[in-house]
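Examining the three-dimensional arrangement
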Amino acid sequence: MSELTRREFVRQALLVAGFAAGPQSTYGATVTLPGKPKLRVLNDRPWNAEALPHQLDPEVTPTEVFFVRNNGIPPLRVNVNDWRLRIDGESVQREIDLSIRDLKRRYDQVSLQLLIECGGNGRAEFNPPVPGNQWTLGAVGCPMFHGVRLRDVLEDAGVKQDAVYIGFRGADTHLSGVSDLLPISRGVPIAKALADDAMIAWGMNGNDLHPMNGHPLRLVIAGWPGSVSGKWLTGISVRNQVHDGPKMGGKSYRVPRQPIAPGTTVADDDMKIIEAMPVKSLITYPETGLRHRKENELQVRGHAWAGDRLVKRVQLSIDFGQRWQDVTLEAPRNSGAWQRFSGTVNFAQSGYHEVWAKAIDEKGVGQPMVLPGWNPKGYLNNACHRIATHVV
Ligand SMILES: Nc1nc2c(c(=O)[nH]1)N[C@H]1C(S)=C(S)[C@@H](COP(=O)(O)O)O[C@H]1N2
Ligand SMILES: [Mo]
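Residues numbered from 1 in each chain as written. Chains lettered and ligands numbered in written order. Predicted model: local features only at pLDDT ≥ 70, side-chain atom pairs only at ≥ 80, totals over all residues. Heavy atoms only, no water.

Some thoughts on the overall build of the protein
Where we set the bar: Only DSSP runs of H or I with at least four residues qualify as helices, and only runs of E with at least two residues qualify as strands; both kinds are numbered from the N terminus onward. Values of the radius of gyration come from C-alpha atoms, whereas the globule rule sets the reference at 2.2 Å times the count of residues to the power 0.38. When a residue's accessible area, from a 1.4 Å probe over protein chains only, is under 20% of the maximum for its type it is buried; when over 50% it is exposed; and in between it is partly exposed. We call two residues in contact when some of their heavy atoms are within 4.5 Å. Exposure was quantified through the Shrake-Rupley algorithm and a 1.4 Å probe, taking into account, for residues, occlusion by the shown protein chains and nothing else. When charges are counted, neither His nor the chain ends are considered; positive counts come from Lys and Arg and negative counts from Asp and Glu. Positions of charges follow a simple convention, taking NZ of Lys, CZ of Arg, CG of Asp or CD of Glu.
Scanning the protein from N- to C-terminus turns up 4 helices and 25 strands. Rg of the C-alpha trace for the protein: 21 Å, near the compact-globule value of 21 Å for 392 residues, within the 12% margin. Seen through its principal axes, the protein has C-alpha atoms that stretch 65 × 50 × 45 Å. Relative to its full complement of 392 residues, the protein shows a buried share of 53%. In the protein, the proportion of contacts linking residues at least 24 apart, taken out of those at least 6 apart, comes to 72%. When the accessible surface of the protein is split by element, carbon and sulfur atoms take 49% of a total near 16,900 Å². For the protein, the centre of its 46 positive side-chain charges and the centre of its 40 negative side-chain charges are spaced 3 Å apart.

Below, the structure is given as C-alpha cells:
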C-alpha cells in the first residue's frame with residue numbers, strides 16, 4: 001500500500017479510537033474510507049462499509065469496492081518484518097511460530113479467488129428490524145488472494161486425531177479499549193480448515209492486503225460467514241472442542257435450530273452456529289433504475305454462489321416471478337469463487353419492470369423470493385435480488 005494510504009489509515013484509526021482531535025463525523029456527514037472512496041459507509045466507529053451491486057460487476061472484486069466489516073479497532077502500527085503467526089492449541093503436535101517470510105518460503109504459494117460474505121449481509125430487510133449493521137446487498141466480494149493454504153501450515157504443526165475446530169486471534173483491539181479483550185475470535189470445524197478453499201493470505205489483487213482488510217495477514221475461508229476469516233492474524237489454535245472465543249456463543253453468528261415466528265425471543269441453547277452460507281446471486285449489470293428502449297434486448301449479468309456447493313442454474317424473471325428463463329452460468333475459477341451468469345431479456349411492453357435473479361445450487365436448493373427465516377440477529381438473508389428498469 002502507498003505511504004499516503006498508510007498515513008491516512010493511521011489518522012482515521014486514531015480518530016476512531018478517539019485519541020486525536022480532527023474532523024469528527026457527525027450523523028449525516030459524508031465520511032469515506034481511505035482507498036475505498038465509493039463504498040457506502042454504515043458506521044465509522046468501528047468502520048463498516050459496503051459496495052453497491054453495480055460496483056461488484058468485475059469478475060474479480062477490486063480492492064476499492066471490497067467491503068469492510070470491523071468489530072473492533074484495527075492495529076495502529078503494523079511492522080511486517082516483525083509480524084508473527086503462532087500455531088498452537090490442545091490439538092497440535094508441536095507449536096510453531098512463523099514470520100511472514102517463513103510463510104512465503106516454507107509453503108507452496110497460491111493465488112485463489114475466494115468469496116467472503118458477511119453473515120449479516122441483507123440484514124436491513126428484516127422485519128421486525130434487528131440491531132446491527134444495516135447491510136443491504138454489498139457486504140460480499142470475491143477478490144484474488146495471495147498466500148498459502150491453511151492446510152499446509154496446520155499439517156506442518158501436525159493436527160492430532162482429536163482436533164475438532166480451529167480458532168483465530170487477531171491484532172485488533174476491543175472497542176472498550178481493554179487491551180487483553182479480543183473483539184472477535186471465531187473459527188471453523190477442522191474439516192473446513194483443511195479444505196482447498198481455506199488460506200492464510202498476505203496479499204489481495206496483486207498488492208498487500210488493504211489495512212482495513214487485515215494487512216499484513218488474514219485468514220480467508222471461502223463460502224462461510226465472513227466472521228471466520230480472521231484479519232490482522234496473529235494466531236491459530238487447533239482445538240479439541242468447538243472453539244469458544246468471543247462471538248462464538250450467544251446470539252453471535254448463530255441462528256435458531258428450529259424456524260421461529262418473526263420477533264420471537266429465543267434461548268441461547270436453542271441457537272446453532274452458522275456454517276456454509278446459502279445459495280445467493282447478485283445482479284451487477286445493469287444498475288437499478290435504468291431507462292431502456294423496448295426494441296432492444298437487455299443484457300443482464302451478475303454473480304452467483306452457494307457456500308460449499310456449486311451453483312447449477314441461474315434464472316431471470318421480468319414478471320415478478322411468474323415465469324423464469326435460464327441464463328448462461330460459468331464454472332468458478334477455482335473452488336470457493338463465485339460464478340458469473342449472463343443472459344438477455346426482452347420486454348413486450350413499456351413501463352415499470354423489475355428484473356429478478358434466482359440461483360439454484362447443485363442439491364436443487366434455490367433462493368427464496370422473499371426474506372427467509374427471521375432470526376434475532378438478522379443473518380442469512382439470501383432472498384432474490386431485484387432491479388428496476390423503466391422500459392420506454
Ligand atoms: N480480527 C478480526 N477479524 C475479522 C473481523 C474483525 O472485526 N476482526 N471481522 C470479521 C467479519 S464479521 C467479516 S464479515 C470479515 C470481513 O472482512 P473484510 O472486512 O475484509 O471485508 O472479517 C472478519 N474478520
Ligand atoms: Mo461479518
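Once the structure has been displayed, the description carries forward.
Focus on the site of ligand 1
The condition that has to hold: Put simply, a residue is near a molecule or strand once any heavy atom of it comes within 4 Å of that molecule or strand. A 3.5 Å cut-off defines polar contacts: any pair of N or O atoms within that distance qualifies, except that in protein one atom must be a possible hydrogen donor and the other a possible acceptor, and neighbouring residues in sequence count only when both atoms are side-chain atoms. Polar here means any residue outside two lists: the nonpolar Ala, Val, Leu, Ile, Met, Phe, Trp, Tyr, Cys and Pro, and the charged Asp, Glu, Lys and Arg; Gly therefore counts as polar.
Near ligand 1 you find 19 residues, and of these Phe67, Asn71, Asp172, Arg218 and Lys231 are the closest. Between ligand 1 and Arg218, the relevant distance is 2.6 Å, taken from an oxygen atom to a side-chain nitrogen or oxygen of the residue. One of the side-chain nitrogen or oxygen atoms of Lys231 is found 2.5 Å away from an oxygen atom of ligand 1. Protein coverage of the free-state accessible area of ligand 1, which is 530 Å², stands at 100%. Residues belonging to the shell around ligand 1 are distributed by class as follows: 8 nonpolar, 7 polar and 4 charged.

Thoughts on helix H3 (residues 150-157)
The periodicity of an α-helix, 3.6 residues per turn, causes residues three or four places apart in sequence to face the same way. For clarity, the cut-off: Note that the arc is computed from the directions linking the helix axis to the C-beta atoms.
Residues of H3 that are buried: Leu150, Val153, Leu154 and Ala157. In a view along the axis of H3, the buried residues occupy a sector of 95 degrees, so they form one face of it. Taken from the residues just after H3, Gly158 is the one with a positive phi, measuring 90 degrees.

Notes on the pairing of strand E25 (residues 385-391)
For a regular strand, the rule is simple: side chains alternate between the two faces of the sheet. Note the threshold: At least two DSSP bridges between two strands are needed for those strands to be called paired.
Judged by how many residues are buried, E25 sits mostly within the fold: 5 of 7 residues are covered. Sheet analysis places strand E18 (residues 290-292) next to E25, joined by 3 bridges and oriented parallel. Along E25, the bridge assignment pairs Leu290 with Thr389. Direction of pairing for strand E24 (residues 351-361) relative to E25: antiparallel, over a ladder of 7 bridges. By the bridge assignment for E25, Trp356 is matched with Arg386.

Notes on the sheet that holds strand E10 (residues 165-170)
Heads up, the condition is: Only the stretch in contact is used when fitting a helix axis, every axis being a line fitted to C-alpha atoms; angles between N-to-C directions are given from 0 to 180 degrees.
Strand order across the open sheet formed by 4 strands is E5-E4-E14-E10, with mixed pairing between neighbours. In the strand order of this sheet, the two ends are held by strand E5 (96-99) and E10, each with one partner. The average undirected angle you get between the axes of adjacent strands in this sheet is 15 degrees. Along the sheet face, H3 touches strand E4 (84-88), E5, E10 and strand E14 (233-239) and points at about 140 degrees away from the line of E5.

Thoughts on the pairing of E4
As defined by bridge partners, E4 adjoins E5 across 4 bridges and the pair is classed as antiparallel. If you follow Leu85 over to E5, its bridge partner there is Leu98. In this sheet, E14 lies alongside E4 in parallel orientation, the contact comprising 3 bridges. Within the sheet, the bridge partner assigned to Ile87 lies in E14 and is Ile236.

Considering the domain arrangement of the protein
For clarity, the cut-off: Where each domain begins and ends follows an automated or database-derived domain assignment. The term buried area means the drop in 1.4 Å probe accessible area that two parts suffer when joined, counted for both and summed. One side-chain nitrogen of Lys or Arg within 4 Å of one carboxyl oxygen of Asp or Glu is enough to make a salt bridge.
According to the domain assignment, the protein consists of domain 1 (3-248) and domain 2 (280-391). Between the C-alpha centres of domain 1 and domain 2 the distance comes to 28 Å. Taken together, the contacts link 34 residues of domain 1 with 30 residues of domain 2. Regarding the contact of domain 1 and domain 2, the summed buried area is about 2,700 Å², with carbon and sulfur atoms giving 54% of it. Summed over the shared surface of domain 1 and domain 2, the result is 4 salt bridges.

Let's talk about the packing of aromatic side chains
Our working definition: Centre distance within 6.5 Å is the pairing criterion for rings of Phe, Tyr and Trp, where only the six-membered ring of Trp is used; planes under 30 degrees apart are then read as stacked, over 60 as edge-to-face, and the remainder as tilted.
In total, this model carries 6 aromatic pairs according to the counting rule given. With centroids separated by 5.2 Å and ring planes inclined at 65 degrees, the aromatic side chains of Phe66 and Phe67 adopt a geometry described as edge-to-face. We note that Phe66, like Phe67, is buried. Note on Trp305 and Trp338: the rings are 5.8 Å apart at their centroids and 40 degrees apart in plane angle, and the pair reads as tilted.

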